[in-house]
Amino acid sequence: MILVIGATGTIGTQLVYQLIEGSYPVRTFTRSPEKAAKFGHKVGVAIGDLDDIETLARAMRGVKRCFLITGGTKQDQNALEAAKKTGVEHVVKISTQEAGWTPVQGHGHWHKEREELLRASGLTWTFLRPCMYMNFALSWVESIRAENAIYSGGGTGKLGAVDPRDVAAVAKAALIMPGHENTAYELTGPELLSFGDMAAILSKVTGRQIRHIDISDTEQGEFFSKMGVPEYTVDGLVETFSLIREGWARENFGASFA
Ligand SMILES: NC(=O)c1ccc[n+]([C@@H]2O[C@H](COP(=O)([O-])OP(=O)(O)OC[C@H]3O[C@@H](n4cnc5c(N)ncnc54)[C@H](OP(=O)(O)O)[C@@H]3O)[C@@H](O)[C@H]2O)c1
């Protein structure tokens, strides 16, 4: 049995669909049965909360492999404690690209700290370190509608944004096939794009003339807060965007780390 924590989110949803397609036994972990209803009857649903270790332990009964997305260090600790208690062997964890950079940078600090918890747990691990998800573009819907503009603090820096379905496909491989144990993968899309390049692509597919408008770090932080990004990750994300502006994402594009 594979447990997917974060099953109703961007990556988790794609992962569950891909596991269903392959007829793998899958159980979703969610606070909301309504959100998991979209997966239908082929999927088990464990109702629980990452802040409640007992619900995690219940969900992990009979589970050998677990996909993990959390919102904070305590939640990782809870999940790992429950995993050890219940005999889970392998945890595939979503991290971020900057956690693999040397030195660790921006939002990577937050993820690296929690990678280390899993590394030290004695469980088998796989870290997936994606670049920005392509669906980040959805955060620009309002400004595109209102003024044909996308806003970012990335300047003319380039990054290898990745399709969430590809991240899910790698997660699936790590969960169902041997050979990915105790390994970290940096996940990028196929090409480096600046935010200006993204505006050009969006212009082409929408038939509008969309431009990229550069914003300051402060404005980028406000943008993330407005998006609902948890406050404790805003500073790290702002730093990541300033690193994109400085060329870090380009320099590290396609490198892989173990
Ligand atoms: N967005 C990017 O460009 C990007 C790039 C690199 C890395 N990342 C990393 O990717 C991760 C986010 O992945 P995502 O975008 O797929 O997630 P998401 O769409 O934000 O979904 C979050 C999931 O977490 C679950 N969740 C939240 N709080 C919970 C709680 N207390 N107990 C149980 N479940 C809880 C939610 O489930 P329910 O609501 O159903 O309970 C939901 O399924 C973050 O760690 C982020 O740093 C993001």
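Located above this text is the structure these notes cover.
What counts and what doesn't
Residues numbered from 1 in each chain as written. Predicted model: local features only at pLDDT ≥ 70, side-chain atom pairs only at ≥ 80, totals over all residues. Heavy atoms only, no water. Helix = DSSP H or I, 4+ residues; strand = E, 2+ residues; numbered from the N terminus. Expected span 1.5 Å × (residues − 1). Contact = heavy atoms within 4.5 Å. Pairing = 2+ DSSP bridges. Right-handed = clockwise from strand over helix to strand, strands pointing away. Axes fitted to C-alpha atoms, helices over the stretch in contact; angles between N-to-C directions. Core = buried A, V, L, I, M, F, W, Y, C linked by side-chain atoms within 4.5 Å. Buried < 20%, exposed > 50% of the residue type's maximum accessible area, 1.4 Å probe, protein only. Parallel < 35°, antiparallel > 145°, perpendicular 65-115°, else oblique. Left-handed = near helix turned anticlockwise from the far one by under 90°.

Draft legend 1. The arrangement of helix H8 (residues 195-206) in detail. If you check H8, its first and last C-alpha atoms are 16 Å apart, about what 12 residues at 1.5 Å a residue would give, namely 16 Å. Considering only its buried residues, H8 is in contact with helix H6 (141-147), strand E7 (149-152), strand E8 (158-159), strand E10 (193-194), strand E11 (211-214) and helix H10 (231-246). Where H8 terminates, the next one or two residues include Gly207, which has phi positive at roughly 75°.

Draft legend 2. Expanded view of the pairing of strand E4 (residues 65-68). Across three bridges, the pairing between strand E1 (residues 2-5) and E4 is parallel. Across the sheet, residue Leu3 finds its bridge partner in E4, namely Cys66. Two elements, E4 and strand E5 (residues 90-94), share four bridges in a ladder whose sense is parallel. Bridge pairing in E5 places Phe67 opposite Val92. For the handedness criterion, the β-α-β arrangement of E4, helix H4 (residues 73-86) and E5 is classed as right-handed.

Draft legend 3. Representation of the sheet that holds E4 within the structure. One open sheet holds the seven strands; their spatial order is E3-E2-E1-E4-E5-E6-E9, and the pairing between them is parallel. The open sheet has two free edges, formed respectively by strand E3 (44-47) and strand E9 (183-187), since each of these has just one partner strand. Here the average twist between neighbouring strands, direction ignored, is 20°. Most of the contacts of helix H5 (residues 108-120) go to strand E6 (residues 124-130), to which it runs at about 165°, and overall it touches E5 and E6.

Draft legend 4. Up close: the nonpolar core. Formed by 26 residues in total, the largest nonpolar core has its most connected members in Met132, Trp140, Leu159, Phe195 and Phe224. With six residues, the top contributor of residues to this core is H10. One finds Leu56, Val63, Leu68 and Ala83 within the second-largest nonpolar core, a separate group that totals 24 residues.

Draft legend 5. Quick peek at the packing of H4 against H5. Two numbers describe how H4 lies on H5: the axes approach to 10 Å, and their chain directions differ by 15°. Between H4 and H5, the angle is such that the two are roughly parallel. Crossing of H4 against H5: the hand is right-handed. Of the residues in H5, those in contact with Thr73, Asp76, Gln77 and Leu80 of H4 are Glu113, Arg114, Leu117 and Leu118.

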